[in-house]
Structure formats: structure tokens, C-alpha cells
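Spelled out from the first residue to the last, the chains are:
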Amino acid sequence: MSVGQSAKVSSQALPKAYQLVCERLSADGIRLEVTRKRVKNINFRLKPNLLVVSAPKSISDAHIAAALTRRLNWVLTHHPKVLIAYQNSQQIQQDNQQQTSSSMDPQIVKLWGKPVDELLTESQRLKLYRQALGEVMPALFAKWQPIVGQSASEQRIKKMSTRWGSCNIRARRIWLSVYLPAYPLECTEYVIVHELCHLHHANHSAKFWSEVKSAMPDYKRWHDMLAGKRSLLKPSDID
């Protein structure tokens, strides 16, 4: 073995000094792997069904086995947590892969609350929504700004997964979710009114909602419609 090269030994090939430790670990489904490296201290790394020990080349097996014995209770206590964390991460990865796969499949989509004649992939749907929203935004802001009594210096579109809209009060910049064209046009109008009213009141106080109702008396219908669609797009609310 050349200088700087590490020596790795798994449970089956370990010296007798590790026998008792290996038996305890094996009973819990944990394999022991000891690696000799150019390190100063003994290091422990617990993985799913595997305990990796890195130790200096100069330390004896008996010394390493003693250190392992002292850490044994910690390993056996924490291993179930390591397994759960690993299983959760695997499930998340699997869910993400399924979601990515499904987003590539053409699906029926709606534009302004009505089904589109052709099947679209997720990327095609977002392109359609962005174009449709961009076409109506100038006219809708021109309509509602005088009614609300406030105006936005910028109006932009954003792929938002937690909000239907947002307002930067200092910059007077309003963002609309790219997903809004999936629903009737009045839903987009309501979000515009909502965000413009934040230029009167930054919070969601009674005065704020009074301002919204004054500008758009039937706002609750469109508010509730968007709230009922959260489970589909995962937006939790309007900011």
C-alpha cells in the first residue's frame, strides 16, 4: 500500500478485538467498517445499516474497539433515527421523480376557467398562462387602479407556488402568479384589487378588507374560488 492510501476493513474481515462490538451491531442490522487513514482522531460516521470508523494508522485495534464500545449505546439509539431520515429522503426523491414524470405528460388544462382543446405539458401550460396573463394585465390594471385609488409602478408575472400575488409596497411593484389564467378572469381581477389595496394598508386589517370590498363588492366569491383551488397548485394565500 502506497503512502497516503487508506486501508478499509469490513465486519467479516475485522480482527477478533472487534468481535463483541460486531455482534452487538449485527443484532441491529448494522455492519461495521474500519478504515485506517492519516487522521489524528477516531471518527465515527453512522449511516443506514452501516457504521464507518476512521482511525489513525498508529492506533491499535484494541484501542479502536474500546472506543467503539464506549460509543455503542449512542450508535444503537440513533440508528433508528438515521433509518427514518433516510427513508424519508428516499420517499421525497421518489415523489419528486413522479412529479417530474407527470409534468412531462400532456394533460387537460383550463384557460380562464374553460378547458383548452389540446393537451399540454407543464412547460406548455406555463407558456400559455404567461402569454395570456401578459396580454390582459395592462387593461386590467388600467381598469382597477382608478377604482382603488392607487397605482403600481411595475406589474410582473412570476411562477409562485405559495401565493397568488404579492406587493412590494416600497417599490410599488406587484407580482401576479403565472397560474392565475387557470381560473375565471375575475379571479385575476380580484388579486389585482387585493394587491393594489395593500398600497393603502400593508396588513390584512379590517380597514384593508373594507377597502377591497369598496372597490370590488363581490370580491369574496373570487377569493373563495382561489382558496378552494389551493390543493391543486399549492398556493396558500394572497400576500
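Above: the structure in question.
Residues numbered from 1 in each chain as written. Predicted model: local features only at pLDDT ≥ 70, side-chain atom pairs only at ≥ 80, totals over all residues. Heavy atoms only, no water.

> Got a sec to walk through the packing of helix α4 (residues 185–197) against helix α5 (residues 206–215)? Specific residues and values, please.
As a packed pair, α4 and α5 sit with axes 9 Å apart at the nearest point and diverge in direction by 135°. The angle between α4 and α5 falls in the class oblique. Judged by the sense of rotation from one axis to the other, the crossing of α4 with α5 is right-handed. Note on element contacts: α5 touches α4 through Phe-208, Trp-209, Glu-211, Val-212 and Ala-215, opposite Tyr-190, Val-193, His-194 and Cys-197. Residues that form the contact of α4 with α5 fall into these classes: 7 nonpolar, 1 polar and 1 charged. (Axes fitted to C-alpha atoms, helices over the stretch in contact; angles between N-to-C directions. Helix = DSSP H or I, 4+ residues; strand = E, 2+ residues; numbered from the N terminus. Parallel < 35°, antiparallel > 145°, perpendicular 65-115°, else oblique. Left-handed = near helix turned anticlockwise from the far one by under 90°. Contact = heavy atoms within 4.5 Å. Nonpolar A, V, L, I, M, F, W, Y, C, P; charged D, E, K, R; others polar.)

> Explain the pairing of strand β4 (residues 50–56) to me, and be specific about the residues and the numbers.
Where burial is concerned, most of β4 is hidden: 7 out of the 7 residues are buried. Of the two faces of β4, both are covered, the one formed by Leu-50, Val-52, Ser-54 and Pro-56 as well as the one formed by Leu-51, Val-53 and Ala-55. Note that strand β2 (residues 31–37) and β4 share 7 bridges and pair parallel. Its bridge partner being in β4, Lys-37 is matched across the sheet by Pro-56. Where strand β3 (residues 43–47) and β4 come together, 5 bridges link them in antiparallel fashion. By the bridge assignment for β4, Arg-45 is matched with Val-52. (Buried < 20%, exposed > 50% of the residue type's maximum accessible area, 1.4 Å probe, protein only. Pairing = 2+ DSSP bridges.)

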